[in-house]
Amino acid sequence: TGFLEEILFFIPSSLIFLAAGFFMIPPDATPILAAMYALLYVGLPTALGVTIGAFPVYWLVYWGGKPAIMRWGKYINVDWLFIEQMSLRLRRGYYDEVVLFLVRVIPIFPIAIVSAACGLLRVSLYELTWTTFFGTLLRASIVSFLGWVAAEAYAYYAEQFFLVERYGLLIFVVVILGIYLYLH
């Protein structure tokens, strides 16, 4: 799913990771076991898939971004000189790697858009690979763990609703029977 999410960028990755944690991590697992499941069965495959899927997006924008900006950049008020300046500014020190890693971890940033930005800004393949892999590993693991937590809460509230529903039905039947007996 990670590879498909990277290529088909309109799939919301956070919802997929939440659902994976909800359905794939056993509801009776301890928190430590659930974290291990999240890391090994959701995070690791997702990180591999997203990392592999990042390369086609990266290369497409790496080779096609400059011609696109040169041709249509005037319509969005961006020129290639601005892109080059941004690229140089990001490459000073380790700042760009920290930013890329954090953008991969924080669930509000679309994964494919980050890969496209890396291609446009000419981020090195080394930086793209490690920030994508480890950032996505952490993102998918955390969000799927939260899906497991939500499953626990869901199970608890479903049980409460079941009890209310069962006793509510019993009370409803008793009230209707009481009204019937009172009127007859």
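Notes on the structure in this doc start here.

Conventions adopted
- The residue numbers shown here count from 1 along each chain, following its written sequence.
- Whole-chain, interface and lining totals are the exception, using all residues; otherwise, since this is a predicted model, local features are given only for residues with pLDDT of at least 70 and side-chain atom pairs are given and counted only at 80 or more.
- Neither water nor hydrogens contribute to the side-chain values; these are computed over all heavy atoms in the structure.
- To pair, rings of Phe, Tyr and Trp, with the six-membered ring standing in for Trp, must have centres within 6.5 Å; the planes then decide the type, stacked if under 30 degrees apart, edge-to-face if over 60, and tilted in the middle.
- Numbering of helices and strands starts at the N terminus; helices are DSSP runs of H or I of at least 4 residues and strands are runs of E of at least 2.
- Buried means the residue's accessible area, taken with a 1.4 Å probe over protein chains only, is under 20% of the maximum for its type, while exposed means over 50%, and partly exposed covers the values in between.
- By definition, being over a ring means that NZ of Lys or CZ of Arg is both within 6 Å of the ring centre and within 35 degrees of the ring normal.
- By definition, residues are in contact when any of their heavy atoms lie within 4.5 Å.
- Angles run from 0 to 180 degrees between N-to-C directions of axes, and those axes are lines fitted to C-alpha atoms, restricted for helices to the stretch in contact.
- Throughout this description, any angle smaller than 35 degrees is read as roughly parallel, any larger than 145 degrees as roughly antiparallel, any in the 65 to 115 degree range as roughly perpendicular, and the remainder as oblique.
- Two helices cross in a left-handed way if the nearer one is turned anticlockwise from the farther one by less than a right angle. They cross in a right-handed way if the turn is clockwise.
- Residues are sorted three ways: Asp, Glu, Lys and Arg are charged, Ala, Val, Leu, Ile, Met, Phe, Trp, Tyr, Cys and Pro are nonpolar, and all the rest, Gly among them, are polar.

1. Overview of the packing of aromatic side chains
Argument step 1. Per the stated rule, a full pass over the model turns up 10 aromatic pairs.
Argument step 2. Plain terms: the ring middles of Trp59 and Trp63 are 6.3 Å apart, the flat faces sit at 15° to each other, and that makes the pair stacked. In this pair, Trp59 and Trp63 both sit in helix α3 (residues 31-72), four residues apart, roughly one turn of the helix.
Argument step 3. For Trp59, a relative accessible area of 33% gives the class partly exposed.
Argument step 4. Consider the rings of Tyr62 and Trp63, whose centres lie 5.1 Å apart with planes at 75°: the pair is edge-to-face.
Argument step 5. With a relative accessible area of 60%, Trp63 lands in the exposed category.
Argument step 6. Feature note: the residues Tyr58, Trp59, Tyr62 and Trp63 constitute an aromatic cluster, connected by ring pairs.
Argument step 7. Residue placement shows Arg122 over the ring face of Tyr62; its charged tip is 4.2 Å from the ring centre.

2. Concerning the environment of Phe101
Argument step 1. The residue Phe101 is located in helix α5 (residues 95-105) in this model.
Argument step 2. Excluding residues within four positions of it along the chain, Phe101 makes contact with Trp130, Thr131, Phe134, Gly135 and Leu138.

3. Examining the packing of α3 against helix α6 (residues 111-120)
Argument step 1. Two numbers describe how α3 lies on α6: the axes approach to 7 Å, and their chain directions differ by 50°. Taken as axis vectors, α3 and α6 run oblique relative to one another. Considering only the axes of α3 and α6, their crossing is right-handed. Side by side, α3 and α6 meet where Val50, Ala54, Val57, Tyr58, Val61, Tyr62, Gly65 and Ile69 of the first sit next to Ile111, Ala112, Ser115, Ala116, Cys118, Gly119 and Leu120 of the second.
Argument step 2. Considered class by class, the residues forming the contact of α3 with α6 number 12 nonpolar, three polar and no charged.

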